[in-house]
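Each chain, written out:
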Amino acid sequence: MREFDFRQDKKRILFLLEGVGILFVISWVFYSSFAAVIFLSPLSVPVYLRRKERQEEKRRQELVSEFKECMNSLLTALKAGYSCENAFRAAQEEMEIFFGSGSEIVKELGKIVGGMDSNVPLEELLWRFAEGSGSDEIRDFAEIFAIARRSGGNMPEILQRTIAQIQNRMDVEREIGVLVSSKRLEQTIMDIVPFGIIAYIGLTSKGFFDVLYHNPAGILVMTACLFAYLFAFALSEKIVAIKV
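To keep things clear, this report deals only with the structure shown in the data block. (Residues numbered from 1 in each chain as written. Predicted model: local features only at pLDDT ≥ 70, side-chain atom pairs only at ≥ 80, totals over all residues. Heavy atoms only, no water.)

Now for the overall build of the chain. Scanning the chain for helices and strands turns up 9 helices and 0 strands. Against the globule reference of 18 Å for 244 residues, the chain gives a C-alpha radius of gyration of 25 Å, more extended than a compact globule. Along the first, second and third principal axes, the C-alpha set of the chain runs to 80 × 40 × 30 Å. Across the 244 residues that make up the chain, the buried fraction comes to 32%. For the chain, the share of sequence-separated contacts (at least 6 apart) that also reach a separation of at least 24 residues comes to 62%. As presented, the chain carries roughly 15100 Å² of accessible surface, and 63% of it is formed by carbon and sulfur atoms. Treating the 29 positive side-chain charges of the chain as one cloud and the 32 negative ones as another, the clouds have centres 3 Å apart. (Helix = DSSP H or I, 4+ residues; strand = E, 2+ residues; numbered from the N terminus. Rg over C-alpha atoms; globule rule 2.2 N^0.38 Å. Buried < 20%, exposed > 50% of the residue type's maximum accessible area, 1.4 Å probe, protein only. Contact = heavy atoms within 4.5 Å. Areas by Shrake-Rupley, 256 points an atom, 1.4 Å probe, with all protein chains shown as cover. Lys, Arg positive; Asp, Glu negative; His and termini not counted. Charge placed at Lys NZ, Arg CZ, Asp CG, Glu CD.)

Structure, rendered in structure tokens:
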């Protein structure tokens, strides 16, 4: 647990440092003064939150990808005659071989197995996992699994149909991700281009931007440009944020 906390704290520190670095670049490009960082410091909050959100989305995608293999392992175990509880134990061992003991899915399955050893109902444990994952796919699986357990239906058959539907949605998400990846690269380039242009002109044409720096009118103009840039950045982020 301490190791996990240390990693999380390390990531938070890196996100904060990244935000501060971005503020220094903005301060120099738009105001030619690092002192502007003081006034721009509120921008570090959305930068930090956005970086944290991207990291969480990456973790979620990895977990969903691993969970896809976990579902197949569960289905195989159930068809072999395992009980639901023993199927999850078998899946934990198999996922540890596939992804390693430090993977997200193995950690989550470890919590489920530990909860079962403490006589906590499997449905409740699976629902906790689904809620903590932030994944609609895992949440759907947990709901259908609980309904199948209560109804006493053919669990392997029900799960097989459920897994097929969930995997189809995962495949669609993956295809959309591939199509959008090129647009994300274009977005990243366009985010950097304004800084590159200003830096290039500033280095090759000394004094070209002097009229925009260190005077009230220039500060107002550059502030308006900064807000326009931030608006365009937020709009481009919203455009490429496609979800199924």
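Having seen the model, we can carry on.
Here we take up helix α9 (residues 216-240). Along its 25 residues, α9 runs 36 Å from first to last C-alpha, staying within 8% of the 36 Å computed at 1.5 Å per residue. Regarding α9, the residues found buried are G218, M222, L226, Y229, S236, E237 and V240. (Expected span 1.5 Å × (residues − 1).)

For helix α5 (residues 104-117), spanning 14 residues, the distance from its first C-alpha to its last is 20 Å, which sits close to the expected 20 Å at 1.5 Å a residue. Those residues of α5 lying buried are E104, I105, V106, E108, L109, I112, V113, G115 and M116. Against α3 (44-79), α4 (84-99) and α6 (122-133) lie the buried residues of α5. Phi turns positive one or two residues past the end of α5, at N119, with a value near 65°.

This part takes up unusual backbone geometry. In the Ramachandran plot, S32 falls in the positive-phi region, its phi being about 50° despite a non-glycine side chain. Even without being a glycine, N119 presents a positive backbone phi close to 65°. Judged by its relative accessible area of 71%, N119 is exposed.

General note: in soluble globular proteins, nonpolar side chains tend to be found buried as a group. The biggest cluster of nonpolar side chains holds 36 residues, and the ones touching the most others in it are F88, I105, I112, F141 and F145. Broken down by secondary-structure element, the contributors of at least two residues to this core are α3, α4, α5, α6, α7 (136-151) and α8 (155-204). In terms of residue count, α3 provides more of this core than any other element does, 9 residues in total. Once you skip the residues sitting within four places of it in the chain, I105 turns out to touch L63, E66, F67, C70, M95, F99 and F129. (Core = buried A, V, L, I, M, F, W, Y, C linked by side-chain atoms within 4.5 Å.)

Time to look at the packing of aromatic side chains. The tally for this structure, following the rule as stated, stands at 9 aromatic pairs. On the basis of an interplanar angle of 80° and a centroid distance of 5.9 Å, the ring pair of F30 and F195 is categorised as edge-to-face. A residue pair is termed long-range when its members are at least 10 positions apart, and F30 in helix α1 (residues 2-31) and F195 in helix α8 qualify at 165 residues. Ring geometry for F98 and F99: centres 6.3 Å apart, planes at 85°, overall edge-to-face. The exposure class of F99 is partly exposed, given its relative accessible area of 33%. Three or more aromatic residues joined by ring pairs make a cluster, and in this case those are F67, F88, F129, F141 and F145. (Phe/Tyr/Trp six-rings, centres within 6.5 Å; stacked < 30°, edge-to-face > 60°.)

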